[in-house]
Amino acid sequence: MENKNLENMSKKEFLPICSVCKGIRIIKGDSENWLYKNKDGTEPELYTQLIEKYGKSNLTHTYCPKCYKETEAEIDKETESDNFHW
Ligand SMILES: [Zn+2]
């Protein structure tokens with residue numbers, strides 16, 4: 001029984017979730033897709049299903065391409081202000 005549980009756990013993969021917009025990454029074959037929450041804040045059915053499938057403890061926080069770009073832009077701004085001479 002215990003061994004079976006361990007086996008299942010080691011097979012379980014982590015689900016990458018964007019720490020900014022909570023979008024989740026889906027791999028379909030060779031292509032990478034991001035599933036985002038609806039604009040009104042509700043979750044698409046597939047989104048809820050995936051979160052339930054993996055469980056909240058198996059989420060790994062990352063940035064989706066969209067938020068990664070925005071974060072990068074923020075860092076650029078901060079770097080610029082650091083170089084500002086009074
Ligand atoms: Zn995001």
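Residues numbered from 1 in each chain as written. Predicted model: local features only at pLDDT ≥ 70, side-chain atom pairs only at ≥ 80, totals over all residues.

A. Spatial organisation of the overall build of the protein chain. Along the backbone of the protein chain there are three helices and four strands. Listed by position from the N terminus, the elements making up the protein chain come as α-β-β-β-α-β-α. When the 86 residues of the protein chain are sorted by exposure, 6% land in the buried category. Counting only contacts in the protein chain whose residues sit at least 6 apart along the sequence, the fraction spanning at least 24 positions is 54%. (Helix = DSSP H or I, 4+ residues; strand = E, 2+ residues; numbered from the N terminus. Buried ≥ 20, exposed ≤ 12 C-beta atoms within 10 Å, placed from the backbone. Contact = placed C-beta atoms within 7 Å.)

B. Up close: the environment of Glu 43. Here Glu 43 is to be found in the loop between strand E3 (31-35) and helix H2 (45-54). Linking Glu 43 and Gly 23, residues 20 residues apart in sequence, is a C-alpha distance of 9.9 Å. Contacts of Glu 43, omitting those with residues within four sequence positions, involve Lys 37 and Thr 48.

C. Representation of H2. By the criterion of burial, H2 is predominantly exposed, with just zero of the ten residues buried. Residue Gly 55 follows H2 closely and has a positive phi angle near 85 degrees.

D. Geometry of the environment of Gly 23. By the secondary structure assignment, Gly 23 is in the loop between strand E1 (15-18) and strand E2 (24-28). Classification of Gly 23 by C-beta neighbours within 10 Å gives buried; the count is 22. In sequence terms Gly 23 and Lys 37 are 14 residues apart; their C-alpha atoms lie 6.3 Å from each other. In this structure Gly 23 touches Cys 18, Trp 34, Leu 35, Tyr 36 and Cys 64, once residues within four positions along its chain are discounted.

E. Local environment of unusual backbone geometry. In this model, Lys 22 sits at a positive phi of 65 degrees, which is unusual for a non-glycine residue. Note that Lys 22 resides in the loop between E1 and E2.

F. Just the pairing of E2, in detail. As paired elements, E2 and E3 share five bridges and run antiparallel to each other. Within the sheet, the bridge partner assigned to Lys 28 lies in E3 and is Ser 31. Where E2 folds back onto E3 in an antiparallel hairpin, the turn is made up of two residues, including Gly 29, whose phi is positive at roughly 65 degrees. (Pairing = 2+ DSSP bridges.)

These results come straight from atomic positions and should not be treated as a statement about function.
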